[in-house]
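Structural overview for review
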Amino acid sequence: IPVFILAGLLVHCVFLVSIFDIYFSSPLVHGMTPQQTPLPPPAKRLVLFVADGLRADSLYELNSNNTPQAPYLRGILENNGSWGISHTRVPTESRPGHVALIAGFYEDVSAVAKGWKENPVEFDSVFNESKYTWSWGSPDILPMFAKGATGDHVYTFCYAAESEDFGAQDAAKLDMWVFDRVKSFFNSSRSNQTLFSALNEEKVVLFLHLLGIDTNGHAHRPNSREYKENIKKVDEGVKEIASMIDNFYGNDGKTAFILTSDHGMTDWGSHGAGHPSETLTPLIVWGAGVNYPQKVTSQFFEDNFLKEWKLENFKRLDVNQADIAPLMASLIGVPFPLNSVGTLPLEYLNNSAHFKAESMFTNAVQILEQFKVKMSQKKETTLSFLFTPFKPLSDSEQINFLKKTRLYIQQQKFDEAVSLCKTLINLALEGLSYYHTYDRLFLGLSIAMGFVGWTTYVILVIIKTHTNLTKTVQTNNKESTVLFYSFAFVGMIIAFFLLIQTCPWTYYVYCLLPVPVWYAVVRELPVIQDLATNLMSPHIGQSIGFLLVCTLGIEILVFSFFYRSTLTIGLLVFAGWPVITQLWVQAKTTALIWTLLCVLLAIFPLMPVVGREPNIHLVIATGLLTFLISCFSLSSLCKSENKYRSNEDLKVRFYQMLSIALSTYVVSSTHDSLKNKQGLPVLNQIISWMTLVSSSVLPLLSPTFLFQRLFSILLSLMSTYLLLSTGYEALFPLVLSGLMFVWINMEQEALQHYGLSFKPKLAVFNFAYATDITQFRQLHLDDVRRSFFFVFFIVTAFFGTGNIASINSFDPASVYCFLTVFSPFMMGGLLVLKVVIPFVLVSCAFEAVQVTTQLSSKSLFLIVLVISDIMALHFFFLVKDYGSWLDIGTSISHYVLVMSLTIFMMLMNGLAQLLTAKRLELPRRTKHHST
């Protein structure tokens with residue numbers, strides 16, 4: 001039924017995309033008027049240093065001998081400026097971090113998905129509002145702010161992208177490059193009159209993006225000597241630049257300096273998630289218009305950093321990352337960026353109370369502008385009697401707030417004015433989010449309706465076509481016509497309502513989808529009635545028990561997404577399966593091996609997430625172990641004097657063993673070479689890429705007998721997996737595929753146990769001749785367990801060695817055998833491949849199970865579809881867009897994962913059929929063997 005498959009794909013794609021429309025659409029609005037403080041600003045120019053990937057504790061903490069990591073910046077903090085911690089939001093990547101710093105808003109998830117470099121939504125920034133901005137640094141960050149700017153007053157100077165090499169001698173040279181360029185830029189301006197006068201204008205921004213610390217952190221971890229050395233170099237560089245700029249302007253005291261970071265980094269050298277080491281970044285501000293250090297006797301923060309850093313007596317002023325944009329705007333007197341949601345941190349300003357109150361008022365009006373635009377947009381697209389406005393900020397309330405504040409400022413009651421402005425800002429932000437999520441409930445319900453309808457329909461299809469539970473029922477033509485027209489009428493009404501409100505076209509898809517789906521279900525009403533009578537009469541207890549077991553199984557799967565250790569419990573239950581069902585009586589050895597391997601595999605989910613503690617020796621040991629296993633299998637192949645074996649098959653097996661050995665060698669030599677800072681050897685890189693390419697072709701050359709072909713697939717994938725491993729996870733595919741081999745044998749025993757079929761000889765079973773349609777049988781209750789095992793193993797394949805965060809936190813160490821120069825999509829692709837390899841092993845084993853238990857792949861696949869759809873419905877309601885950003889990230893990735901799992905399983909099913917049943921014939925000499 002290709003129509004069914006197409007419909008299924010379409011429905012799932014709609015469900016998958018819907019979540020981004022419902023939860024994560026871009027919050028930006030356009031059409032606000034710029035707001036600017038009327039009083040003269042304290043500074044004429046601003047220098048912004050962003051040390052990419054610098055953690056707050058790495059900068060502020062003291063060395064073992066009580067000397068500061070960054071002596072110059074420590075001196076500033078104690079004698080001339082204000083300091084604090086800037087709290088960033090997830091995803092802690094460079095792009096969203098810089099947007100928050102310079103444009104003052106947090107990018108929504110949809111923008112991050114569009115890549116690092118491009119500018120998917122037009123936004124306003126401090127750079128755009130400035131008179132001139134000169135920036136130096138990475139080609140990944142700078143162009144994004146130049147591209148969005150109007151006119152050409154934002155100038156960028158970048159190094160080549162190839163310089164960002166994780167395996168290079170020392171990444172600190174990236175920062176040295178920036179410092180040297182800035183110095184030579186200022187020197188050249190003395191002889192260039194137009195540049196000289198431009199530099200002497202007001203409202204000038206100089207932006208130095210320093211990527212060295214981030215690159216060194218990825219390559220060597222933040223506790224390494226390289227990372228700390230780099231901080232020292234940046235400290236010296238900042239000192240030189242600051243004194244050079246002061247000299248250039250004749251110490252006129254009109255320069256403000258800000259040093260901060262876009263995100264931190266975990267101890268194992270990754271970022272992207274919401275760990276405190278990633279979200280806490282330093283902020284040091286000094287120069288014109290900035291407060292001097294404030295001495296305090298005691299101050300309270302929930303963390304214990306002040307004691308560790310010996311900074312208890314200097315007032316720590318914490319801000320949110322987006323607050324830095326209004327701070328910069330107010331220091332040099334440019335309009336606040338239009339989409340900024342930051343609140344001006346007044347404690348950093350060293351200025352009159354009048355100036356502070358005016359600036360705060362500007363800030364409040366600027367955020368209120370966004371609220372007004374958002375409200376009018378919503379109002380236009382909703383029927384007047386359905387529109388419920390945001391009560392606390394009705395039009396009269398807004399006017400009231402603004403009048404009161406103006407009055408306070410005139411009466412010089414500045415503190416009251418400031419606190420009123422803060423209330424207004426909080427209300428406006430609340431209102432923004434209220435209108436942003438206005439349609440959420442209604443869309444969510446219609447998607448859920450579609451979900452439930454679809455799952456019901458799939459269950460009906462299974463029962464109707466693949467079981468003997470129902471008799472064929474005659475349909476009544478007259479009734480079906482009435483049904484069709486009534487559903488069509490409902491659809492028309494829904495469409496009409498959406499049309500009046502001028503809704504976006506996606507809303508039509510979400511709201512109209514449930515109509516045809518439920519039509520298909522209601523058409524099968526006789527089947528439902530027939531089924532009910534069948535189940536109700538004798539087996540009511542059995543049916544309820546079966547449903548309870550199913551629910552429990554699915555809940556365990558859902559739980560495993562949040563707590564990996566749930567998988568361990570599941571695997572231990574699996575280990576006892578032969579005992580519970582009395583299978584072990586007829587196959588003692590197989591059952592024993594099954595139990596052992598289940599227990600072994602159950603250890604993996606208890607281990608820490610991959611990449612935390614790299615252990616190359618384990619990878620090498622695994623390589624040798626795989627090599628030994630393949631030697632054994634080769635010798636047994638040679639001994640077996642059967643007519644099926646040809647020399648070509650031995651050659652293929654030999655090549656595969658060679659590539660395992662080579663992979664093991666490459667892993668160890670690359671590790672040593674990078675340790676000695678010699679970069680990635682070219683020979684190793686060539687071998688790695690060749691292994692990767694050959695691993696997809698070699699299995700197709702091997703014989704299609706069941707275990708020979710599966711073992712061949714394992715060897716090929718294993719050689720690639722070794723190259724991508726950094727620690728214990730190298731063992732995972734070995735144990736997993738061992739369990740898969742035993743699973744295929746166990747399913748044979750189960751078939752006999754339930755008296756469903758005779759036992760085919762697995763050793764001579766051939767994939768190529770397995771598609772004879774006459775042998776397929778109907779589904780049995782035990783097949784539900786079979787499908788459940790498959791879904792469980794797929795989830796184990798995914799979470800066994802880590803979780804989705806192992807991609808989002810993007811640990812580049814596992815791709816060093818292939819490339820060390822930063823290239824997000826290439827590295828991402830390889831990391832995805834690493835996640836997919838265990839999937840392929842499970843899918844191929846499932847293909848073997850289907851074929852050997854004489855089931856059409858479609859019927860089992862439909863059960864799998866139902867299981868994963870029910871899981872997806874759980875996750876749809878668990879998606880969050882509030883709370884800590886780590887929760888948000890994981891809740892989306894869970895939903896996307898389960899949704900794409902179904903789409904992905906269709907692809908995997910095809911891939912498994914190809915890998916198991918197809919055979920490429922090598923051109924041979926005239927004499928043909930009978931293969």
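All figures in this text were calculated on a predicted structure; none of them were measured in a lab.

**Some remarks on the overall build of the chain**
A count of helices and strands for the chain gives 36 helices and 8 strands. Here the chain, with 931 residues, has 56% of them falling under the buried criterion. If you take every contact in the chain between residues at least 6 apart in sequence, the share linking residues at least 24 apart comes to 80%. Accessible surface computed for the chain: about 39900 Å², of which carbon and sulfur atoms make up 64%.

**Quick word on the packing of aromatic side chains**
Overall, the coordinates contain 56 aromatic pairs when judged by the stated rule. With a centroid separation of 5.1 Å and an interplanar angle of 70°, the aromatic rings of Trp 577 and Phe 789 are classed as edge-to-face. One end of the pair, Trp 577, is in helix α25 (residues 577-580); the other, Phe 789, is in helix α32 (residues 781-799), with 212 residues separating them in the sequence. Taken together, the ring pairs connect Tyr 132, Trp 134, Trp 136, Tyr 155, Phe 157, Phe 185, Phe 186, Phe 196, Phe 248 and Tyr 249 into an aromatic cluster. The ring of Tyr 249 carries Arg 45 above its face, with NZ or CZ at 3.4 Å from the centroid.

**Focus: the confidence of the model for the chain**
For the chain, mean pLDDT is 84; residues scoring 70 or higher make up 89% of the total. The low-confidence segment residues 805-809, where pLDDT is below 50, has 11 contacts with residues more than four positions distant or belonging to other chains.

**Topic: helix α20 (residues 505-512)**
For α20, every residue scored as buried is listed here: Thr 506, Tyr 507, Tyr 508, Tyr 510 and Cys 511. Here the buried face of α20 lies against α1 (2-23), α18 (440-466), α19 (477-500) and α21 (514-523).

**So, the environment of Phe 788**
Relative to the helices and strands, Phe 788 is located in helix α32. With 76 residues separating them in the primary sequence, Phe 788 and Val 864 have C-alpha atoms 7.0 Å apart. What Phe 788 contacts, discounting residues up to four positions off in sequence, is Gly 553, Ile 554, Leu 557, Phe 574 and Ile 867.

**Concerning the layout of surface pockets**
Taken as a whole, the largest pocket holds about 2100 Å³ of empty space. As for the largest pocket, its lining consists of 48 residues, and the residues nearest its centre are Phe 546, Leu 547, Cys 550, Leu 781 and Val 784. Of all the elements in the fold, those that place two or more residues in the lining of the largest pocket are α18, α22 (525-536), α23 (540-562), α24 (565-575), α25, α32 and α35 (857-878). If one sorts the elements of the lining of the largest pocket by residue count, α23 sits on top with 13 residues. Partitioning the lining of the largest pocket into residue classes produces 35 nonpolar, 11 polar and 2 charged.

**Concerning a nonpolar patch on the surface**
The grouping of Phe 385, Leu 386, Phe 489, Ile 493, Phe 496, Phe 497 and Ile 500 at the surface amounts to a nonpolar patch, some 740 Å² of accessible area in total. With respect to the element layout, Ile 493 can be found in helix α19. Note on Ile 493: relative accessible area 39%, which makes it partly exposed.

**Re the sheet that holds strand β2 (residues 82-87)**
Consider a sheet: its strands pair through backbone hydrogen bonds, and that pairing is either parallel or antiparallel. Sheet architecture is open: 8 strands sit in the order β4-β3-β5-β1-β6-β7-β2-β8, paired in mixed fashion. Edge positions in the open sheet fall to β4 (154-158) and β8 (319-320), since each of these has one partner strand only. Both strand β6 (residues 255-260) and strand β7 (residues 280-287) contribute to a ladder of 5 bridges, which runs antiparallel. Paired with Ala 256 across the bridge in β7 is Gly 287.

**Overview of the side chain of Thr 255**
Looking at the secondary structure, you find Thr 255 in strand β6. Exposure remark for Thr 255: the relative accessible area of 4% places this residue in the buried category. In this structure the side chain of Thr 255 is engaged in a polar contact, spanning 2.7 Å, whose partner is the side chain of Arg 45. In this structure Thr 255 touches Arg 45, Val 47, Ile 245, Asp 246, Tyr 249, Gly 287 and Ala 288, once residues within four positions along its chain are discounted.

**Here we look at helix α34 (residues 824-852)**
Residue pairs spaced three or four apart in an α-helix point in one direction, given the helix's 3.6 residues per turn. With 29 residues, α34 extends 42 Å from end C-alpha to end C-alpha; this agrees with the ideal 42 Å at 1.5 Å per step. Helix geometry: α34 is bent most strongly at Val 836, by close to 30°, with proline Pro 838 lying one to four residues after it. Burial runs high along α34: 24 of the 29 residues are buried. Gln 854 lies just past α34 and shows a positive phi near 55°.

**A word on the side chain of Gln 398**
As for its position among the elements, Gln 398 is in helix α16 (residues 395-410). Judged by its relative accessible area of 6%, Gln 398 falls in the buried class. Setting aside residues up to four positions removed in sequence, Gln 398 forms contacts with Leu 368, Phe 371, Lys 372 and Leu 393.

**Some details on the nonpolar core**
Formed by 134 residues in total, the largest nonpolar core has its most connected members in Phe 574, Trp 594, Leu 710, Trp 743, Phe 793, Met 871 and Tyr 895. If you tally residues by element for this core, the top one is α34, at 16 residues. When neighbours within four sequence positions are excluded, Trp 594 is seen to be in contact with Phe 574, Ala 575, Trp 577, Pro 578, Leu 739, Val 742, Trp 743, Met 746, Phe 789 and Phe 793.

**A few points about the environment of Phe 4**
Its location among the elements puts Phe 4 in helix α1. Setting aside chain neighbours within four positions, we find Phe 4 in contact with Trp 454, Tyr 457, Val 458, Val 461 and Leu 862.

**Things to note about the packing of α18 against α20**
At their nearest, the axes of α18 and α20 sit 8 Å apart, and the two run at 45° to each other. Here α18 is positioned oblique relative to α20, judged by the angle of their axes. Contacts between α18 and α20 involve Phe 442, Leu 443, Ser 446 and Ile 447 from the former and Tyr 507, Tyr 510 and Cys 511 from the latter.

**Thoughts on unusual backbone geometry**
The phi dihedral of Arg 221 is positive, around 75°, even though this residue is not glycine. For Arg 221, the location among the structural elements is in the loop between α10 (212-220) and α11 (225-248). For Gln 412, which is not a glycine, the phi torsion comes out positive at approximately 60°. Inspection of the secondary structure assignment puts Gln 412 in the loop between α16 and α17 (414-436). Residue Gln 412 is classed as exposed on the basis of its relative accessible area of 60%.

**Section: the pairing of β7**
Of all 8 residues in β7, 7 are buried, a share of seventy percent or more. Both β2 and β7 contribute to a ladder of 6 bridges, which runs antiparallel. Across the sheet, residue Gly 84 finds its bridge partner in β7, namely Leu 283.

**Digging into the packing of α18 against α21**
Here α18 crosses α21 at 30°, and the two axes come no closer than 9 Å. Taken together, α18 and α21 sit at an angle that is classed as roughly parallel. Considering only the axes of α18 and α21, their crossing is left-handed. Contact residues: Ser 446, Met 449, Gly 450, Val 452, Gly 453, Trp 454, Thr 456, Tyr 457 and Leu 460 in α18; Pro 514, Val 517, Trp 518, Ala 520 and Val 521 in α21. Tallied by class, the residues present in the contact of α18 with α21 amount to 10 nonpolar, 4 polar and no charged.

**Here we look at the pairing of β2**
Side-chain positions along a regular strand alternate between the two faces of the sheet. The buried count for β2 comes to 5 of 6 residues, which makes it a mostly enclosed element. Note: β2 against β8, 2 bridges, orientation parallel. Opposite Ser 86, over in β8, you have Val 319 as the bridge partner.

**A word on the environment of Lys 372**
Within the fold, Lys 372 resides in helix α15 (residues 353-380). On the accessibility criterion, Lys 372 (37% relative accessible area) is partly exposed. When the C-alpha atoms of Lys 372 and Val 29 are compared, they prove to be 10.0 Å apart, with 343 residues separating the residues in sequence.

Reading the values: the criteria
Residues numbered from 1 in each chain as written. Predicted model: local features only at pLDDT ≥ 70, side-chain atom pairs only at ≥ 80, totals over all residues. Heavy atoms only, no water. Helix = DSSP H or I, 4+ residues; strand = E, 2+ residues; numbered from the N terminus. Buried < 20%, exposed > 50% of the residue type's maximum accessible area, 1.4 Å probe, protein only. Contact = heavy atoms within 4.5 Å. Areas by Shrake-Rupley, 256 points an atom, 1.4 Å probe, with all protein chains shown as cover. Phe/Tyr/Trp six-rings, centres within 6.5 Å; stacked < 30°, edge-to-face > 60°. Lys NZ or Arg CZ within 6 Å of the ring centre and 35° of its normal. pLDDT = per-residue confidence, 0-100. 1 Å grid on protein atoms, 1.4 Å probe; cavity = no way out; pocket = protein on both sides within 12 Å on 5 of 7 lines; lining within 4 Å. Points joined across faces, edges and corners; volume = space filled by probe spheres on them. Nonpolar A, V, L, I, M, F, W, Y, C, P; charged D, E, K, R; others polar. Patch = residues over 30% accessible without salt bridge, like charges linked within 9 Å, V, L, I, M, F, W, Y side chains within 5 Å. Salt bridge = Lys/Arg side-chain N within 4 Å of Asp/Glu carboxyl O. Pairing = 2+ DSSP bridges. Polar contact = N/O pair within 3.5 Å; in protein donor to acceptor, adjacent residues only side chain to side chain. Expected span 1.5 Å × (residues − 1). Bend = angle between axes of the 7 residues up to and from the residue. Core = buried A, V, L, I, M, F, W, Y, C linked by side-chain atoms within 4.5 Å. Axes fitted to C-alpha atoms, helices over the stretch in contact; angles between N-to-C directions. Parallel < 35°, antiparallel > 145°, perpendicular 65-115°, else oblique. Left-handed = near helix turned anticlockwise from the far one by under 90°.

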